[in-house]
Amino acid sequence: MEKFVIRGGNPLLGSIRVSGAKNSALPCMAAAILTEDEVILENIPQVRDIETERKLLVSMGAEVELGYGRAQHRTSISCRVLSDPVAKYEIVKTMRASSLVLGPLIARTGLARVAMPGGCAIGGRPIDLHIKGLEAMGANITQEHGYLEARTERLKGAHILFDKITVTGTEDLLMAAVLADGETVMENCAREPEVTDLAAMLVSMGAKIEGAGSSVIRVHGVDKLHGTRHRINPDRIEAGTFLVAGAITGGDLRVTQCNPAHLSSVVAKLQECGVRLDIEGDSIRVRSEGNLRSADISTEEYPGFPTDMQAQYMALATQADGTSVVVENIFENRFMHVQELARMGANIKVDGRTATIRGKSPLSSAAVMCSDLRASASLVLAAMVAEGETILDRVYHIDRGYERIEEKLRSVGAEVRRLGNIFASKPAV
Ligand code: UD1
């Protein structure tokens, strides 16, 4: 199992480029199911979840070429033939977002079989809202042997009110609605930039969608969608992680090819912590002399502070002057990084969904274990300011969503090595 070895103490200096957003790329790849034509996606990040989605589409009969050319990260997908519209357990169990194929599969073929996602490290994460929405659109859904089976002649437009804001739920039902008969109105939708990115792609395929990016989305179903070429948004969470990396190490870092508009809540919070941030077009320059101040965060749906940045922020809070309170509102059980940060010397108390961090803790190296994607990122950040050499085990978690993070960080001065380099002989997927 690969490990990272990180020696702390270096300020990050220079420029670091942001890759395409994994959480946009996943629904956009699933959207290729909606047409018989070829779909070309650019700026696809070279991460493990994308490879998992490729396997998923191929297992259903699609042709997928991941053309990881240096510049483009271009992928072409052809779902002309979908001989086996089944998302198998072996694949779904490694990536919950596989449930994103449910909506497009039933919309395109009238039949979808998707393994129920298992328990996940960051909470129960049910898909009941996806199911409820599809039922409202006329799908007949049964559950047997760990699989969900959805059938219908053709989906019908419906009025859907999400009980709770769900990102992939909004995306899944949006993909179902674009080929449904009639109008669908969805209320209490997620407003995340990834939903807007998907909607832009669907519109370029001929879908009729209004209101994406707001809480009410209206869709006029069409009979058929055509192929497209679409460029994936920059990854706001990777960008946010690099901003924290610049700040925590007392560096001077330019985070390039990002979309600063998607990072407002993170930028505002870092400014509150005393970090200097300058937006320059599609780059953000982050500077800090190490004199960080504490600040509280409360995770919210977009445009609030993202739950996917909570763990990284917590690493920063361990180095700030004063006490910070972090409230996790989106997922239960998303504090698994706390124990590992504590092993490095952090002073953090957890009570339910609230963590209280007493800052200015000197961190020291330790052997630590990655438990989920963003928790791993927080350990990398902590290790970059810890005294000595930290060994991070199970870095496959970080490879799910960060593209060659050790190479990127090394290029701006971090001392990070991968032991047992899986990327040595083949593309990093
Ligand atoms: C997506 C992101 C993930 C991010 C999360 C919240 C992808 C691939 N993943 O995950 O990185 O952390 O949004 O921003 O885009 N819920 C239900 N029933 C459902 C669906 C969700 O109760 O049917 C609950 C969840 O348990 C959670 C909350 O709604 O408490 C939000 O989850 P959701 O927005 O669906 O997260 P994901 O889309 O899985």
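Definitions and cut-offs
Residues numbered from 1 in each chain as written. Predicted model: local features only at pLDDT ≥ 70, side-chain atom pairs only at ≥ 80, totals over all residues. Heavy atoms only, no water. Domains from an automatic or database assignment. Contact = heavy atoms within 4.5 Å. Buried area = accessible area lost by both parts, 1.4 Å probe. Salt bridge = Lys/Arg side-chain N within 4 Å of Asp/Glu carboxyl O. Polar contact = N/O pair within 3.5 Å; in protein donor to acceptor, adjacent residues only side chain to side chain. Helix = DSSP H or I, 4+ residues; strand = E, 2+ residues; numbered from the N terminus. Nonpolar A, V, L, I, M, F, W, Y, C, P; charged D, E, K, R; others polar. Axes fitted to C-alpha atoms, helices over the stretch in contact; angles between N-to-C directions. Parallel < 35°, antiparallel > 145°, perpendicular 65-115°, else oblique. Left-handed = near helix turned anticlockwise from the far one by under 90°. pLDDT = per-residue confidence, 0-100. Phe/Tyr/Trp six-rings, centres within 6.5 Å; stacked < 30°, edge-to-face > 60°. Buried < 20%, exposed > 50% of the residue type's maximum accessible area, 1.4 Å probe, protein only. Lys NZ or Arg CZ within 6 Å of the ring centre and 35° of its normal.

Visitor: Describe in detail the domain arrangement of the chain, supporting the description with residues and values.
Guide: If you check the domain split of the chain, you get domain 1 (3–11 + 269–279 + 291–419) and domain 2 (22–225). Taking only C-alpha atoms into account, the centre of domain 1 sits 31 Å from that of domain 2. The interface is formed by 20 residues belonging to domain 1 together with 18 residues belonging to domain 2. Summing the contributions of domain 1 and of domain 2, the shared interface buries around 1600 Å²; its carbon and sulfur component is 51%. Looking at the side of domain 1 facing domain 2, the largest losses of area belong to Y302, R400 and E403, adding up to 39% of the total buried there. The tally of links from domain 1 across to domain 2 stands at one salt bridge. The partner of R400 in a salt bridge is D49, and the shortest N-O contact between them spans 2.9 Å. Linking domain 1 to domain 2 there are five residue pairs in polar contact (both at pLDDT 80 or more). Of all the secondary structure elements, the ones that give two or more residues to the side of domain 1 that touches domain 2 are α12 (373–383) and α13 (396–399). Of the residues that constitute the side of domain 1 that touches domain 2, the class distribution is seven nonpolar, three polar and ten charged.

Visitor: Lay out the packing of helix α8 (residues 236–248) against α12 with the relevant residues and their values.
Guide: Packed helix pairs are specified by the crossing angle of their axes together with the interaxial distance, meaning the distance between the axes. One can describe the packing of α8 onto α12 by two numbers: an axis separation of 10 Å at closest approach and a directional angle of 20°. It follows from the interaxial angle that α8 and α12 lie roughly parallel. You can see that α8 and α12 cross each other, and the crossing is right-handed. Between α8 and α12, the residues in contact are I237, T241, V244, A245 and I248 and R374, A377 and L381, respectively.

Visitor: So what's going on with the confidence of the model for the chain? Residues and values would help.
Guide: The predicted model of the chain has a mean per-residue pLDDT of 94, with 95% of residues at 70 or higher. Contacts from residues 423–429, a stretch scored under 50 in pLDDT, to residues over four places away or in other chains number 15 contacts.

Visitor: I'd like to hear about the packing of aromatic side chains, residue by residue, with values.
Guide: Within this structure, the stated rule accounts for one aromatic pair. Taking the centre distance of 5.8 Å and the plane angle of 75° together, the rings of F305 and Y313 count as edge-to-face. Of the residues examined, Y313 reaches a relative accessible area of 2% and is grouped as buried. The ring of Y147 carries the charged tip of R113 above its face, separated from the ring centre by 4.6 Å.

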